Amino acid sequence: MAISDRLQTVKKTRVYEAIVAQLTSLILEGEIKPGEKLPSERELCEQFGVGRNSVREATRSLESARLVETRQGEGTFVTAHPESMVHVISAKVTSDAESGINHLFEARMVLEPQIAALAAERATPAELEELEDSLRRQHGAVEGGGLGLEEDTQFHLGLAEAAKNQFLHHLLSSLLNSLSEMRERSLGRDESARFRSWEAHQKILDAVSNKDQNKAVAGMISHLVDIKGSEVVSR
């Protein structure tokens, strides 16, 4: 099946994130293989129904995640197998802590909205109950003066379980583990962030339970933007 046949017109809200989510999904699922050239910028604009700036911003995000490479005069190509992403991210964190942390958050911004969308499509009643239970535990922990970090992590990994994609689950687990110390420091400093996290999770779960992929994606993006503001900017 041609790449263009798998792309869908993007709504005017959250434009570049929606483009990133679609292309990332195709790469992770192996529909676009390493070494394969993406459609031209003009073709992507027409296919997604967006302007050049949105396509360029999405391409820059994919480049930052080391999923694609733009070659002058040739086009944009997929550069790595999905399985190599964990190694690439780990290497960035080891070699340059500040740059590495930003790369981790870029990777989360690319992956977790797609995870939320897949969970909205695929979650079973039992998995929804597990997610509800993790939120009850998170709320109880925060109300009791705790950080709720373990429960926070369980919620995100629970979404990945519901997405039915073992690679995404493995990658997200690696990302959260790499950020664990910073997440703990941030939640320790900012009590309001603990409650905001629980509230954001509840909105995401509501969308997933209602099988509303658009709201699940929007909720996750909003949550990650708030996380980045409290964890990266304040560190």
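Residues numbered from 1 in each chain as written. Predicted model: local features only at pLDDT ≥ 70, side-chain atom pairs only at ≥ 80, totals over all residues. Heavy atoms only, no water.

1. A look at the pairing of strand β1 (residues 68-71)
Phase 1 of the analysis: In this sheet, strand β2 (residues 75-78) lies alongside β1 in antiparallel orientation, the contact comprising four bridges. What sits directly across from R71, in β2, is G75.
Phase 2 of the analysis: Where β1 folds back onto β2 in an antiparallel hairpin, the turn is made up of three residues, including G73, whose phi is positive at roughly 80°. (Pairing = 2+ DSSP bridges. Helix = DSSP H or I, 4+ residues; strand = E, 2+ residues; numbered from the N terminus.)

2. Quick word on helix α7 (residues 125-143)
Phase 1 of the analysis: Between its terminal C-alpha atoms α7 stretches 27 Å, which fits the 27 Å expected from 19 residues at 1.5 Å a residue.
Phase 2 of the analysis: Here α7 has its buried residues at E127, L128, L131, S134, L135, Q138 and V142. The buried residues of α7 occupy one face: seen down the axis, they fall within an arc of 120°. The exposed set on the far side of α7, more than 90 degrees from its buried face, consists of P125, A126, E130 and E143.
Phase 3 of the analysis: Positive backbone phi, at 95°, marks G145, one or two positions downstream of α7. (Expected span 1.5 Å × (residues − 1). Buried < 20%, exposed > 50% of the residue type's maximum accessible area, 1.4 Å probe, protein only. Arc of directions from axis to C-beta.)

3. A closer look at the packing of helix α3 (residues 41-48) against helix α4 (residues 52-64)
Phase 1 of the analysis: Between α3 and α4, the shortest axis-to-axis distance is 9 Å and the interhelical angle comes to 110°. In terms of orientation, α3 lies roughly perpendicular with respect to α4. On α4, the residues that touch E41, R42, L44 and C45 of α3 are R52, V55 and R56.
Phase 2 of the analysis: When its residues are assigned to classes, the contact of α3 with α4 shows three nonpolar, no polar and four charged. (Axes fitted to C-alpha atoms, helices over the stretch in contact; angles between N-to-C directions. Parallel < 35°, antiparallel > 145°, perpendicular 65-115°, else oblique. Contact = heavy atoms within 4.5 Å. Nonpolar A, V, L, I, M, F, W, Y, C, P; charged D, E, K, R; others polar.)

4. Brief notes about the packing of helix α8 (residues 149-162) against helix α11 (residues 191-209)
Phase 1 of the analysis: Packing of α8 against α11 brings their axes to within 11 Å, and their N-to-C directions diverge by 20°. With respect to α11, the element α8 is oriented roughly parallel. Here the hand of the crossing between α8 and α11 comes out left-handed. Side by side, α8 and α11 meet where D152, F155, H156 and L159 of the first sit next to S197, H201, I204, L205 and V208 of the second.
Phase 2 of the analysis: Looking at the contact of α8 with α11, its residues break down into five nonpolar, three polar and one charged. (Left-handed = near helix turned anticlockwise from the far one by under 90°.)

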